[in-house]
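Analysis of the macromolecular model
If you want the building blocks of each chain, they are given just below.
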Amino acid sequence: MSDRKDKLKNLKTSSVDRRLSLVKASLLAGTRWATSNATTMFSNEEEKERKRKKALKDQAEYLVGEIGKLKGSIVKIGQMMALYGEHFLPEEVTQALNNLNNQTVALEWSAIAPHLKAQLGHKLDQLEIDPEPIGTASLAQVHRAKRKSDGLDIVLKIQYPGVASAIDSDMNLFKSMLKLTHLVPQTREFDQWFEEVREMMHREVDYKIEAATTRRFANYLKDDPRYVVPQIIDDYCTPQILCMTFEQGLAVNSPAVLSLPQQRRNQIAEAALDIAIRELFEWGEMQTDPNFGNYLVRIGNGEAQLDQIVLLDFGAIRQFDDKLLKIAHGLIAAGYKHNLEMMVNAMTGYDFFDLIPPSIKPDMAKVFLLATEPFSCLENNADFPAGVMDNMNRYHWKPSQLHSRVMQRASKSMASRYFSVPPKEFMFISRKFIGAYTFMTVLDAQTNVRKIVQRFI
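Residues numbered from 1 in each chain as written. Predicted model: local features only at pLDDT ≥ 70, side-chain atom pairs only at ≥ 80, totals over all residues. Heavy atoms only, no water.

Here's the deal with the overall build of the protein chain
Formally: Only runs of H or I of at least four residues qualify as helices and only runs of E of at least two qualify as strands under DSSP, and these elements are numbered from the N terminus. Only protein chains enter the area calculation, which uses a 1.4 Å probe; residues under 20% of their type maximum are buried, those over 50% are exposed, and those in between are partly exposed. Whether two residues touch is decided by their heavy atoms; if any such pair falls within 4.5 Å, the residues are in contact. Only the protein chains shown count as cover for residues, and all accessible areas are computed by the Shrake-Rupley method using a 1.4 Å probe.
Each helix and strand in the protein chain was counted, giving 18 helices and 12 strands. Looking at the protein chain as a whole, 53% of its 457 residues qualify as buried. Contacts in the protein chain between residues at least 24 apart in sequence constitute 71% of all its contacts with a sequence separation of at least 6. Just so you have it, the protein chain exposes about 21300 Å², and 52% of that area is on carbon and sulfur atoms.

Here's what the structure looks like:
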């Protein structure tokens, strides 16, 4: 959390102000790029490449610094590009954009208070609100409050004024900036991804959708004591405010959580994986933002009171059609049986797969088999690294180094060019499982993934 001296007094919500700021930054970056190219004219190829990467890194970092000053939707666009754009953005650009995740300077209370009054009217008098936010992001900040009538602890997710109406203009500004600075190749695939980000942005600022989704997931999990979902408080919800109960918990990587006994960490990890599997096999919709800030752990007593996962954010829910779900189910089932032929056969019925030459599919299937290694077992998979799977079918996540092994296999695969820009739907699912796998690794968990998925196979 930023100190008070770091807080913003107001936001640049004027499209003219924002356009001038970005155009100025883009032109300066473009000039830097041209100057850099001129200085490499007489260099050898190796030196040119080194200078090109250095110039690209400096250019991206400069632009990200300028974007961060604007806050609002332009920052969120950059964050989404960093999260989902690794397949079409240069590494130097994604690394720079990742810095936006740390630029979460809060808006001063003097700027938030009038906005709250305009949204809540006389209902504001019913609440005691802490002026110091407990969380800040690019589109909103969260304040803890108490309802005076009964002392109910609640939180108010307050969308920054002007953010929703600025999305389309900010998207156009961002795209123009990328063109002016030559940071990314302008391709059809990039345009499609850019439009997807635009849709995601509009969904994320629609608090009616988020409230409905929060209720839906609360209903899905109402009989499972391993999870806590905040309750929506309608009285204080508006188009730009989402109100819900305050739910206590600790960060996943907090010392108190990481020092829990192995068995309890395993149970927390299995609960996190169980949700990802049920999202695909039962509900047909998935929380696609793997940010650890969307989860807390409420520590129990190890006996009657279970350790619980608190699910905080439902603004990035993605629904999938039956055709895609059928393919995803087939890929996971093939991983469960660790069967190459079955994996190849599952890769049909979707344009992305159907356009791949049949001779390439087995090579791609091997990448998927490695990615689904935790779903297999010692009896059907002879390729486990030593010590990764025990005789109780528990997968040991930390020593597995699974993510890096999958990335290495994919980059060396004959089918690597087909992985360059996968369908956005597969990217969302992939990101979710990468997030879940990271969750397991941070907890140093040992989980029986087969047991979780077995009932759906």
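Digging into the sheet that holds strand β9 (residues 308-311)
Counted only if it meets this: Strands are labelled as partners when DSSP assigns at least two bridges between them.
Across the sheet, 3 strands lie side by side as β5-β9-β8; this open sheet has mixed pairing. Each of the sheet's edge strands pairs with one partner strand only, and the pair in question is β5 (227-228) and β8 (295-298). In this sheet, β9 lies alongside β5 in parallel orientation, the contact comprising 2 bridges. Looking at the pairing, Y227 lines up with I309 of β9.

Brief notes about helix α11 (residues 322-337)
Filter applied, for reference: Given a helix with a known number of residues, its expected span is that number minus one, times 1.5 Å. In the analysis that follows, any N or O atom pair within 3.5 Å is treated as a polar contact, provided that within protein one partner can donate a hydrogen and the other can accept it, and provided that, for residues neighboring in sequence, both atoms belong to side chains.
With 16 residues, α11 extends 22 Å between its outermost C-alpha atoms, agreeing within 8% with the 22 Å of an ideal straight helix rising 1.5 Å per residue. Residues of α11 that are buried: L324, L325, I327, A328, L331, I332, A333, A334, G335 and Y336. Of the surrounding elements, those touching the buried residues of α11 are α10 (262-283), α12 (340-346), α13 (351-354), α14 (361-371), α17 (424-442) and α18 (449-454). The N-capping residue of α11, defined by a side-chain oxygen 3.2 Å from the backbone nitrogen of K323, is D321.

Quick word on the confidence of the model for the protein chain
The condition is simple: pLDDT is a residue-level measure of predictor confidence that goes from 0 to 100.
Confidence in the prediction for the protein chain averages 84 pLDDT; 82% of positions are at 70 or higher. Confidence drops under a pLDDT of 50 for residues 1-5, and excluding neighbours within four residues, the segment shows 11 contacts in the predicted structure. Per-residue pLDDT stays below 50 along residues 31-38; that stretch engages in 9 contacts with residues further than four places along the chain or on separate chains.

Regarding the side chain of H396
With respect to the secondary-structure elements, H396 resides in strand β11 (residues 395-396). Overall, H396 belongs to the buried group, its relative accessible area being 17%. At 3.2 Å, the side chain of H396 forms a polar contact with the side chain of D390. Those residues in contact with H396 that sit more than four places away from it in its chain are G387, V388, D390, A445 and Q446.

Examining the nonpolar core
Operational definition: To form a nonpolar core, buried Ala, Val, Leu, Ile, Met, Phe, Trp, Tyr and Cys residues must be joined to one another through side-chain atoms within 4.5 Å.
Ranked by size, the top nonpolar core spans 118 residues in total, and within it L156, F174, F353 and F433 carry the most contacts. When residues in this core are grouped by element, the largest group, 11 residues, is from α10. Excluding anything up to four places from it in sequence, L156 contacts L116, L127, I129, Q141, V142, H143, A145, Y236, I241, L242 and C243. Within the second largest apolar cluster, 8 residues are counted, among which are V155, Y207, A211 and I232.

Focus: the packing of aromatic side chains
Defined as follows: Two rings belonging to Phe, Tyr or Trp (six-membered ring only in the last case) form a pair when the distance between their centres is within 6.5 Å. Interplanar angles under 30 degrees mark stacking, angles over 60 mark edge-to-face geometry, and anything in between is tilted. Definition used: whenever NZ (Lys) or CZ (Arg) falls within 6 Å of the ring centre and also within 35 degrees of the ring normal, the charge is taken to sit over that ring.
Tallying each qualifying case throughout the model produces 16 aromatic pairs. Measuring from centroid to centroid gives 6.1 Å for Y295 and F439, while their planes differ by 80°, and the two rings are edge-to-face. Taken together, the residues span a long stretch of sequence, with Y295 in strand β8 and F439 in helix α17 at a distance of 144 residues. A residue is classified by how much of its surface remains accessible, and Y295, at 14% relative accessible area, is buried. Classification of F439 as buried rests on a relative accessible area of 3%. A centroid spacing of 6.4 Å and a plane angle of 40° characterise the contact between F352 and F426, whose relative ring orientation is tilted. Of this pair, F352 sits in helix α13 while F426 is found in helix α17, placing the two residues 74 residues apart along the sequence. The class of F426 is buried, set by a relative accessible area of 13%. Aromatic rings pair up to connect Y350, F352, F353, F368 and F426 into one cluster. For the cation-ring pair, R144 lies above F246, with the distance from its terminal atom to the ring centre recorded as 3.7 Å.

A closer look at unusual backbone geometry
In the Ramachandran plot, N393 falls in the positive-phi region, its phi being about 60° despite a non-glycine side chain. Tracing the backbone through its elements, the reader meets N393 in the loop between α14 and β11. The phi dihedral of D444 falls on the positive side, at around 50°, and the residue is not glycine. Relative to the elements of secondary structure, D444 occurs in the loop between α17 and β12 (446-447).

Thoughts on the environment of R144
For R144, the position within the fold is in strand β3 (residues 140-147). Once the C-alpha coordinates of R144 and D130 are considered, the two residues, 14 residues apart in sequence, prove to be 5.7 Å apart. Discounting chain neighbours no more than four positions away, the residues touching R144 are E128, I129, D130, I134, D153, I154, V155 and F246.

Some points on the pattern of salt bridges
The following threshold applies: A carboxyl oxygen of Asp or Glu within 4 Å of a side-chain nitrogen of Lys or Arg is what we treat as a salt bridge.
By the definition in use, this model includes 22 salt bridges. The partner of D153 in a salt bridge is K146, and the shortest N-O contact between them spans 2.8 Å. Under the relative-accessibility criterion, D153 is labelled partly exposed at 27%. Relative accessible area serves as the criterion here: at 34%, K146 is assigned to the partly exposed category. Notably, a salt bridge pairs K451 with E270, separated by 3.7 Å at the nearest N-O pair. Of this pair, K451 sits in helix α18 while E270 is found in helix α10, placing the two residues 181 residues apart along the sequence. Overall, K451 belongs to the partly exposed group, its relative accessible area being 49%. What emerges from the salt-bridge pattern is a single network uniting E196, E199, R203 and R318.

Concerning the packing of α11 against α17
What counts, and what does not: Comment: axis = line fitted to C-alpha atoms, over the contacting stretch for helices; angle = value between 0 and 180 degrees taken between N-to-C directions. An angle below 35 degrees is treated as roughly parallel, one above 145 as roughly antiparallel, one from 65 to 115 as roughly perpendicular, and anything else as oblique. Handedness of a helix crossing follows the sense of rotation of the near helix relative to the far helix, less than a right angle counterclockwise being left-handed and clockwise being right-handed. Each residue gets one label: Ala, Val, Leu, Ile, Met, Phe, Trp, Tyr, Cys and Pro are nonpolar, Asp, Glu, Lys and Arg are charged, and the others, such as Gly, are polar.
Between α11 and α17, whose axes approach to 11 Å, the crossing angle comes to 45°. What the angle tells us is that α11 and α17 run oblique. Where α11 crosses over α17, the two elements pack in a sense that is right-handed. Residues L324, I327, A328, L331 and I332 of α11 touch α17, and the partners they reach there are E425, F426, I429 and F433. Residues belonging to the contact of α11 with α17 are distributed by class as follows: 8 nonpolar, no polar and 1 charged.

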